[in-house]
Amino acid sequence: MAPRIQLEKAAWRWVETVKPEEIGQEHIELAYRVNLPACKRGACRRNCKGNPNCLVGIGEQAWLGEIDENAFHNIDDPNSERRDKNTFVGLTNLGATCYVNTFLQVWFHNLELRRTLYQCHNSRAQEHNIESDYEPQSICEHLQYLFALLQNSNRKYIDPSGLVKALGLDTGQQQDAQEFSKLFLSLLEDTLSKQKNPNLQNVIQRQFCGQFSYVTVCNQCGRSSALPSRFYELELNIQGHKNLTECVTEFLKEEKLDGDNRYFCESCQSKQNATRRIKLHNLPPTLNLQLMRFVFDRQTGHKKKLNTFISFPEQLDMAPFLEGKQDQKCVYELSAVLIHRGISAYSGHYIAHVKDARTGDWYKFNDEEIEKMEGKKLQLGTEEDIAETVKSQTRKPKCSKGYHCSRNAYMLVYKVQEEESSDASRASVEVPAFLQRLVDQDNHKFEEWCNEMADMRKQSVDKGKAKHEEVKELYELLPTKDGEPYEFIPLEWLKKWLDDSTATKEIDNSLFLCSHGKLHPDKVGDSKRISLQAAQLLYERYGGGPRLDDSSLCSECVGQRCRVLRLKNQLNEDYKEVTNMVKRTLSGEGYWVGKASLRSWRQLAMEQLEEDEHETKHSNGQTNGQGPHINSSKEFSSELSDGKEDDMKTFNEDIVCTHGGLSILETERKLVSSEVWTKLRAYFPKAPQFTENQQPCQQCLTLEQEEKDNEAVSKMMALDQKNQLLNLFHEKNRPTLTKWPQGTDVLYIVPLFFVDEWRKFIRRPTKSSPVSNVGNTLLLCPHGGFMFTYDSLISGDAQHSALAQRMGGNQ
C-alpha cells in the first residue's frame, strides 16, 4: 500500500475538478477512503495507517496461531521454588552475604554441631503460638531455626536475613570472610557457654579447638620454655608454596630470635639469641585450615589476593606434624572447600563445596543454587575456569590422584576419619518436635503461597484462552464486505484490545468527532473500518461510543475542505488578476477596501485558508468555535490604530472604526470594482463589506468635529496666555532674590514642573492639555511648610522652584 501522505493526497485529488456544490456521495466516500482495497496478510510489513481497511499488523499475529499457555501469564511456576527431592536447601544472597551463606552451609553439615544446637534450651520456640510468626532473638535461636529449615523445609531456598540482622552485618558490604569465621565461632562459643546443660557448654571446643604451644630454646643455656595456646583454625601462609604439606611445614618451622628480636632468658637473666617453633599437641575432630590468600600489601596499603595454585589431598595425615600422643587419630578426610572467585580481595563471589556426611556425595552451594557433583567426587575445575583472568596467568599444575589444585580455595575443612560404625544415629540428626512444629508452620505458608500462585496462573491462562478464542472469532469478522454496513473504530483501541498486557477499556470515539458531531475526515487515518457485526459484538462486550457508522461521514467538512483546497490552488492566479484589475479605472459600483488589506491580501488569504482547513479540527473532545476572523470591530480598530499592520488577522478590518462602521480616514481606503470584491470575498466570506455609497461612521464624524472645535478653543486659550505671560514663556527678564525688579514688593514661587507643562501647552495646544493647577504642594515639606530656605534659594540649590511676579507688567 502507498505511504500515508500519498493516500491522503489521493483522497482529495477530485477537488481539482469538482466544485463544493457539485459534491456527491462518491466524493465523500473518496475523502473517507471507504473503497480503498484491504491489505492481505503478508503483504504489509506494518499496518497502513492511511488505509482504514488495512487490518494487518495491528497485533493479530500473536493470536491467530497456536499459543503456548505460558504466554498468558508472567507468573513463574511456584513449584520452581520447591525443594528438589534428595537435595539440600539454599540460602538467599541478601546483597553481599554470599560469604555468610558458605559458612552456614559448612556448619550445617557438621552433624555434631547441628545435633548440639538442637538440644539447646529454647522456651520461646517451645511456647510459641502457632497462629503467629516465630521470631528468634538470640544467635543460638536463630541458628536452631535456620538449621531446622535447612533440614526439613519444602522451600528451594530460605531467607537468612533474621540471623544476618542479629549479627549486625551490612548486607550491602562484603566483609572479610576469614575474620567473620573467627568472630562467629567465638560468639557462638560464648553463647553456648551460658547453657545449663554442661554437655552443650563446650561443644565448640570439642569440635573445633586444638592445642599447640610456642616452644622457645635459649641458645646460651639451652633452657626450653613452652607457652600453651588453643586454636580453632590454623592460618597457613601460601606465598611461595605449591601444596598443603609445605604450608603446614612452614607453619611449624623453627624461627630464629636474634638482634632486636632476642629472647629474655629467665635462667640467664638477660636477652639471648634463641629459637622458637610451634608444637602441635592435640587436634580437633574438625580441622579448619585457613589459606591466607588475602594479605596486606605494604606498597599499596591495601589487601590483595594471592592467586597461587595450592595442591591439597582428600586424605590428610597429620601424624608427622604432631608431638607425642601416638594414640591420637591423625588421619583426616576433606569435608569442605570454601572458594572465592575473583581477583580482588574487596570483591568477588563466595561458594562452598561440601561433602554430605551421610552419603559421601559432594555438593556445590552457590547461594540459592545447589548442584550435586557426579560420582561422589569433588570437582573444582569449573570454579577455576570461571575465575577472572589475572595479569600473571599461571598454568594449573597437574594433580596426583587423591589431590586437588585450586587458586581460589581460601579455607579447607577436614574431619577426622572415623571407623565404620553400625550406629545409624551417628549419621543422622533428628529435628526436635518444637522446631519441627515451626518448620511445619513455614511449610504450610509455603504451600498456601504455591496454591495461590497456581490459582493466579490458572486464572490468567483461562482468561488468555478465552481472549484467544474471542480474538480468533472476531478478527475473522472485522473486514467489511462491499455494500454491507460498517462502522469506524479507533486503531489504538484495536491495538490495545490485541495487546494482552494492557486491560481493554471501553471504545472512545469522542476524539474523532468534527464540529458537526460526525467523523472528522482527518481522523480516518487513525481509525479502522470494520463490519457492523464485529462492531456490534465489540460494543456489547466493552461498551463505549459514540458509534460512527456510514451516516457519520461529514458532508459539511468535505465541502469546506473542497472549497479551501480549490481556493489554495486558485490563489496565485487570482492574485495576479486582482493586481491588474485594481490598476484599471473604476466603472460601475465599487467597494471600499483597506489599503493595508489590499497590500497583504494574499498572505491573509493563505492564513485564512489554513485556519479554515483547521477550523473543524478536534481538540480535547470539544467541537471548535468560530475562526479568528470574527473578532469584534473594536479589536480591529484598536489594532489598526496602533499601526500594527502585521498583526491584522482579518481582511478589511483596517477600515473598521471603533463603532463598527466605515472609517472616516479616506486616505487609508481604496475603491475597487465589484469584480475585484467578488474574488476577495471568496477568500474572506466574513470580511466587513462597505459599498461605495456607504456613509462613514456618524459617531466618528461627530467626534472629529468636536475634536476640531476643542482644538480651536485650545489654540485661542494658548495664544491669550502666551500674550499675558510672554516673558515667562521666553524665559526673559526673570526676577531673582538678589535683584528685585523696581516697584515690586512681593515675589511668588511656583514649581518648575508647572512652568514646563504650561510651556508644552502653549507650544502645542492641540496635542497637550491646558494646565489647570499651579501645584505648589510640590514645594511643601511633610509638615506643611516651605521646604527650601532663603540661603538655598540664593545659592541655587532649590532646583524645583521658580520666581514669579504678579501677572501684569513684568511677569
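### Focus on the overall build of the chain
Point 1. Broken down by element type, the chain carries 25 helices and 29 strands.
Point 2. Buried positions account for 43% of the 811 residues belonging to the chain.
Point 3. For the chain, the proportion of contacts with a sequence separation of at least 24, taken over those separated by at least 6, is 72%.
Point 4. Approximately 44,500 Å² of the chain is accessible, and the part contributed by carbon and sulfur atoms is 47%.

### Structural notes on the packing of helix H17 (residues 555-583) against helix H21 (residues 674-683)
In a pair of packed helices, the angle between the axes and the distance between the axes together describe the arrangement.
Point 1. One way to put it is that H17 packs onto H21 with a least axis distance of 10 Å and a crossing angle of 155 degrees. As summarised for this structure, H17 and H21 are arranged roughly antiparallel, according to the angle between their axes. For H17 against H21, the interelement crossing comes out left-handed. On H21, the residues touching Arg 563, Leu 567, Gln 570, Leu 571, Asp 574, Glu 577, Val 578, Met 581 and Val 582 of H17 are Glu 675, Val 676, Lys 679, Ala 682 and Tyr 683.
Point 2. In terms of residue class, the contact of H17 with H21 is made up of eight nonpolar, one polar and five charged.

### Focus: the sheet that holds strand E9 (residues 274-282)
Point 1. Taken together, the four strands give an open sheet; going across it, the order is E4-E3-E9-E6, and neighbouring strands pair in antiparallel fashion. Strands with a single pairing partner mark the edges of an open sheet, and in this sheet they are strand E4 (224-231) and strand E6 (255-257). Between one strand axis and the next, the sheet turns through 30 degrees on average, direction left out of account.
Point 2. One ladder, built from three bridges, connects E6 with E9; its direction is antiparallel. Note on E9: the bridge partner recorded for Leu 257 is Ala 274.

### A word on the packing of aromatic side chains
Point 1. Enumeration according to the criterion identifies 28 aromatic pairs in this entry.
Point 2. Here the aromatic rings of Trp 493 and Tyr 542 are separated by 5.5 Å at their centres, their planes lie at 70 degrees, and the arrangement is edge-to-face. Residue Trp 493 is located in helix H15 (residues 491-498), and its partner Tyr 542 is located in helix H16 (residues 532-542); the two are separated by 49 residues in the primary sequence. One exposure class covers both Trp 493 and Tyr 542, and it is buried.

### A look at the sheet that holds strand E25 (residues 548-549)
Point 1. The antiparallel open sheet is built from three strands, whose spatial order is E23-E21-E25. A strand with exactly one partner marks an edge of an open sheet, and here the two such strands are strand E23 (527-531) and E25.
Point 2. Where strand E21 (residues 486-490) and E25 come together, two bridges link them in antiparallel fashion. Each residue of the ladder has a partner; that of Glu 487, found in E25, is Asp 549.
Point 3. Lying on the sheet, H15 is in contact with E21 and E23; it crosses E21 at an angle near 75 degrees.

### Quick notes on the environment of Asp 77
Point 1. Looking at the element boundaries, Asp 77 is found in the loop between helix H3 (61-64) and strand E1 (90-91).
Point 2. Sequence spacing of Asp 77 and Cys 450 is 373 residues, and the spatial spacing of their C-alpha atoms is 8.5 Å.

### Side note on the pairing of strand E20 (residues 409-416)
Regular strands have side chains that alternate between both faces of the sheet.
Point 1. The buried fraction of E20 amounts to seven of the eight residues, a majority that puts the element mostly inside the structure.
Point 2. Of the strand pairs in this sheet, strand E15 (residues 331-341) and E20 are connected by seven bridges, and their pairing is antiparallel. What sits directly across from Tyr 332, in E20, is Val 416.

### A few points about the confidence of the model for the chain
Point 1. A residue-level look at the chain finds 87% of positions with pLDDT of 70 or above and a mean pLDDT of 81.
Point 2. Considering only residues more than four positions removed or in separate chains, one finds that residues 616-646, a stretch of pLDDT under 50, has 58 contacts.
Point 3. When the criterion is pLDDT under 50, residues 805-811 qualifies, and its contacts beyond four places in sequence or with other chains add up to 19 contacts.

### Here we look at the pairing of strand E18 (residues 369-372)
Point 1. Relative to E18, strand E17 (residues 362-366) is paired through four bridges, and the arrangement is antiparallel. Within E18, the position partnered with Tyr 363 by the bridge is Lys 372.
Point 2. Joining the antiparallel neighbours E17 and E18 is a turn of two residues, in which Asp 367 adopts a positive phi near 55 degrees.

### Looking at the side chain of His 27
Point 1. Topologically, His 27 is positioned in helix H2 (residues 25-31).
Point 2. Of the residues examined, His 27 reaches a relative accessible area of 11% and is grouped as buried.
Point 3. Apart from the residues within four sequence positions on either side, His 27 is in contact with Trp 14, Val 18 and Glu 22.

### Quick notes on helix H24 (residues 752-763)
Point 1. Look at H24: 17 Å from first C-alpha to last across 12 residues, which is about the 16 Å you get at 1.5 Å a residue.
Point 2. Among the residues of H24, those classed as buried are Phe 754, Val 755, Trp 758, Arg 759, Phe 761 and Ile 762. Seen end-on, H24 carries its buried residues on one side only, within an arc spanning 160 degrees. More than 90 degrees from the buried face of H24, the exposed residues found are Phe 753 and Arg 763.
Point 3. On its buried face, H24 is in contact with helix H22 (698-724), helix H23 (726-730) and strand E28 (748-751).

### Section: the pattern of salt bridges
Point 1. By the definition in use, this model includes 19 salt bridges.
Point 2. Salt-bridge contacts for Lys 329 lead to Glu 418; the nearest nitrogen and oxygen are separated by 3.8 Å. Placement of the pair is Lys 329 in the loop between strand E14 (315-317) and E15 and Glu 418 in the loop between E20 and helix H14 (433-477), with a sequence separation of 89 residues.
Point 3. The partly exposed category is assigned to Lys 329, whose relative accessible area is 46%.
Point 4. One network of salt bridges, in which partners are shared, links Asp 574, Glu 577 and Lys 679.

Here is what the cut-offs are and how they apply
Residues numbered from 1 in each chain as written. Predicted model: local features only at pLDDT ≥ 70, side-chain atom pairs only at ≥ 80, totals over all residues. Heavy atoms only, no water. Helix = DSSP H or I, 4+ residues; strand = E, 2+ residues; numbered from the N terminus. Buried < 20%, exposed > 50% of the residue type's maximum accessible area, 1.4 Å probe, protein only. Contact = heavy atoms within 4.5 Å. Areas by Shrake-Rupley, 256 points an atom, 1.4 Å probe, with all protein chains shown as cover. Axes fitted to C-alpha atoms, helices over the stretch in contact; angles between N-to-C directions. Parallel < 35°, antiparallel > 145°, perpendicular 65-115°, else oblique. Left-handed = near helix turned anticlockwise from the far one by under 90°. Nonpolar A, V, L, I, M, F, W, Y, C, P; charged D, E, K, R; others polar. Pairing = 2+ DSSP bridges. Phe/Tyr/Trp six-rings, centres within 6.5 Å; stacked < 30°, edge-to-face > 60°. pLDDT = per-residue confidence, 0-100. Expected span 1.5 Å × (residues − 1). Arc of directions from axis to C-beta. Salt bridge = Lys/Arg side-chain N within 4 Å of Asp/Glu carboxyl O.

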